[in-house]
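# Fold and geometry: a report
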Amino acid sequence: MKIQKNIDRRSFLKSSALAGGGMMLSFSWFSEAKAAEKVEALNLADQWSELAAYIKITPDNVVKILVPNPEFGQNVMTSLPMMVAEELDVDWKDVVVEMGTHDNVKYGPQFTGGSNSVRMYWKPLRNAGAAARQMLIEAAAQTWGVSATEITTKAGVLSHSSGKTAKYGEMAAKAATLTVPKEVRLKAPKDFSIVRNSKKNTEGLKVVTGKPLFGMDYRVDGMLIAMIQHPPAFGMKLKSFDATAAKKMPGIKDVFSFKLYDDGFEQAGFDTRTFNEMIAIVGNSTWEVMNARKKINAQWEAAGDLKETMMGRGGKTEKIVPGRLETTSLQFELMAEYAKKPAQQLRKDGDPEAAFKNAAQIIERTYNAPFLAHNTMEPMNFFAHVEADKALVAGPIQAPGWMEPTLIKLLNLPADKIEIQMTRMGGGFGRRAYAQYAYEAARISQKMKAPIHLIYTREDDMTYGIYRPMYTATYRAALDVNKNLIGFHVIGGGIPENPVHANRFPAGAVDNYLAEGWEIPSNITIGAFRAPRSNFNAAAEQSFLDEVAEAMGKDPIQMRLDLLKRAKENPVGKNNDYDASRYIGVLELLKEKSGWGKPENAGKKRGVAAYFCHASYAGHVVDMVMRDGQPYVESVTSAVDCGVVVNPDAARNMVQGAVVDGIGQSFYGALTHKDGVPEQNNFHNYRMIRHNEAPKKIDVHFVENDIDPTGLGEPPFPPVFGAVANALFKTTGKRYYNQPFMSEQSKS
Amino acid sequence: MAKYSLKINGKTQQVDVDPSTPILWVLRDHLNMPGTKFGCGMAMCGACTVHLDGNAVRSCSLPVSAVGKSAITTIEGLSANGTHPVQKAWLEHDVAQCGYCQSGQIMSASALLKSNPNPTDEEIDAYMSGNICRCGTYLRIKEAIKAAAKK
Ligand code: FES
Ligand code: FES
């Protein structure tokens, strides 16, 4: 997943001077703000003065901050405005927050994913706040006829040494006419007063009162409801269908088949094509459409091998998608076969062959994991209204910027005739970076010449692909007679993607190291799933290291610390992608906060794991017990280094959520296939972690430092799997190599 | 199609729908009340929870024809503007992540506290297990329920 890492500050400041108002998708305000102020804010539409693209201020000093990135639960509707407000120097109570429109020129990538929102906007948004503050100071200086350097600000008030004061609102109209300054000074972290102080979710009140926020809640007058019927199996396609009965059902407007992409369509990286031809059912209401769909008599046939044309950064490539109908047990057999073949070498340090040849002891273990469905609580859905000369699409989407070029091609409309609105998302986890459902909505609207809302049922959603891939990896460790780790080898592969991160720990800590990977193409579509690849690697590698530590006769945390010390002081190789010091810091904090090795914890069944991904470091100690004959994670201690923590309480919430998610996925998560048909299609057969299975306690601790924020949405997730596996060993005396762990348990 | 007169959030509402239509879709599609959410459609996730005469029910699996004279309360009717103790506790504990499951969680929690004003952890677990939160906010939900119980 490549996205523009940093927005050049100069180009940002230039572009921020562009005018732009736009459609308001959602007003939000803070539950602690005074009600009168909130309501007033809503009535001041004409009175906003826009400063530095992200900020609007009324004469009454209400400050509106526009959020560039779509919200999916990572709290950007709160944390991003906090960053602006910090540098703008306003009272948080005077701030209202609004989702920005889609405008990549004005706001940059607007991409939610890769744990990147805070990281990507940390400088641009603070720059915007500081620039606006500078403009307000300048406006006051001109008004008062004094030097700007003599003016100070505090909580939205400008003051001059002579005793003159003015609220920002009084100077906003004038400030908006000034040039955006090219150079601004940002606060030092020690001076932060909003950032690092927990603020409540700005959309909290709307959530708890059931206000329309989500894509599913989007509606306009005359809107029709649409559903799709996709082929029942991966590798199948539509042969023919009879919709006579369906069309006669009450409330039904039309039933037709449509093609997503025309032949030869050049797909961009995130243009998935799970199925290219589907049946659309369109009618007045959801229930009527659901019922009519059951009356469609469709015939499906094997699709055979398919050719896809991908347009990537490397130019045009053609890819053959195999037509076979896949079955999980056979997939595992196929993976085992591939694992024995020569693979692509990803990294080699020293002489691993010799190390293994000379080893006194070799430990070799293989780890497997199934496909996972994202199962966002809000199923995929999108609104579209495509007209002859323009289009509006609206809904839950992580990557609006990636949709735009595809919509231009699909609809044959210029960019400025396509409006994309982002709603709050009922979860994303990577799934909503793939906009196929939005394209389907656009196609259906185009055909119907009407505004439509495409809705997936849970069954549609779960059987549609874009899964976390299936993975396997074999790890080998070579120990010498003194039980020193002298060689390390990982070979990993998957359907259809290789999981191995060759330059991650313990690369850099072992003299003789080899990483290899392979892939098996498949018609089962896959996509990013919270910490792609890492969510498997951390499970496998961190369980393996636990076994290696045991063989070495070392404490598992100490063993990791010793290796990291080596990587820090005398690293092997050049491309190690982690910072050993931060890794060590997280492990030490975890050790301290969990009371690791302390006599009072001697009786506990504990597992530990730590991992680096998305520029951050996270580790967990999991305490497990047997409850009613089943392993149960009772409490968890977590340590995270993600740099400056913008909104600490919300960050804790996110880490707790990642821990619960990790326990649930590792215990129960699996999407399996029989002859191409997904064997799970709703929550009765796809098990999700529930209230009674969540730990009683999750203590979250952050490393305190002034490093610019790194990622948080993903990094705490992968190490949960490893810590759970290691705690399972302590609890049951058995090592767990295959996910989901509870299905492995039930087999043995 | 058939005409139904429904008591929803203290008001009587008329709808003309197929008798099999679940209350979930009556609320969302016919009465423009989107606070009640669709998650699974088969009573497995709790996103669509409403109160029927004060008891928590899954509206996705409750046909309009089965409601009769019973009173329905939805998240929109739980309080005038988020002032129900459960809603207040949710805000205090900043429970929501994506928020999609939360109207269902709140409707379950408020029904629980009505029938059991002082639930133990185990009772909360047992009652709330029908409500999935994909974002994993279970710990905060439990804290919020316990805080609301004290009010
Ligand atoms: S939508 Fe009713 S329980 Fe899931
Ligand atoms: S908050 Fe996202 S599903 Fe519960």
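Description of the structure in this document. Remember, it's a predicted structure, so these values are computed and weren't measured experimentally. (Residues numbered from 1 in each chain as written. Chains lettered and ligands numbered in written order. Predicted model: local features only at pLDDT ≥ 70, side-chain atom pairs only at ≥ 80, totals over all residues. Heavy atoms only, no water.)

### Section: the packing of aromatic side chains
Here a ring pair, both rings aromatic, is described through the centre-centre distance and the interplanar angle of the planes. All names here are of chain A. Applying the stated criterion across every chain yields a total of 33 aromatic pairs over all chains. Their ring planes at 25° and their centres at 4.9 Å tell us that Phe270 and Tyr434 sit as a pair that is stacked. Taken together, the positions of Phe270 in the loop between β12 (266-267) and β13 (277-283) and Tyr434 in the loop between β21 (418-422) and α13 (436-448) put the pair 164 residues apart, joining distant regions of the chain. Here Phe270 and Tyr434 have matching classes, each one buried. Judged by centre distance (6.0 Å) and plane angle (55°), the rings of Phe371 and Tyr467 are tilted. (Phe/Tyr/Trp six-rings, centres within 6.5 Å; stacked < 30°, edge-to-face > 60°. Helix = DSSP H or I, 4+ residues; strand = E, 2+ residues; numbered from the N terminus. Buried < 20%, exposed > 50% of the residue type's maximum accessible area, 1.4 Å probe, protein only.)

### Description of unusual backbone geometry
In this model, A:Ile495 is joined to A:Pro496 through a cis peptide bond whose omega is -5°. Inspection of the secondary structure puts A:Pro496 in the loop between β24 (485-495) and β25 (512-519). Residue A:Phe505 is joined to A:Pro506 through a cis peptide bond whose omega torsion reads 5°. You will see that A:Ala155, though not glycine, has its phi angle at about 45°, which is positive. In this fold, A:Ala155 is placed in the loop between β6 (151-154) and β7 (157-160). For B:Asp94, which is not glycine, the phi torsion reads 45° and is therefore positive. Among the secondary structure elements, B:Asp94 is positioned in the loop between α3 (85-92) and α4 (102-115). For B:Asp94, a relative accessible area of 6% translates into the label buried.

### Examining helix α6 (residues 138-150) of chain B
Compared with an ideal rise of 1.5 Å per residue, which puts 13 residues at 18 Å, α6(B) spans 19 Å between its outermost C-alpha atoms and is within 8% of the ideal. The buried fraction of α6(B) is high, at ten of 13 residues. Every buried residue belonging to α6(B) is among B:Tyr138, B:Leu139, B:Arg140, B:Ile141, B:Lys142, B:Ala144, B:Ile145, B:Ala147, B:Ala148 and B:Ala149, and all of these are buried. Looking at the buried side of α6(B), the elements it contacts are α18 (648-668) and β31 (697-702) of chain A together with α3, α4 and α5 (121-128) of chain B. (Expected span 1.5 Å × (residues − 1). Contact = heavy atoms within 4.5 Å.)

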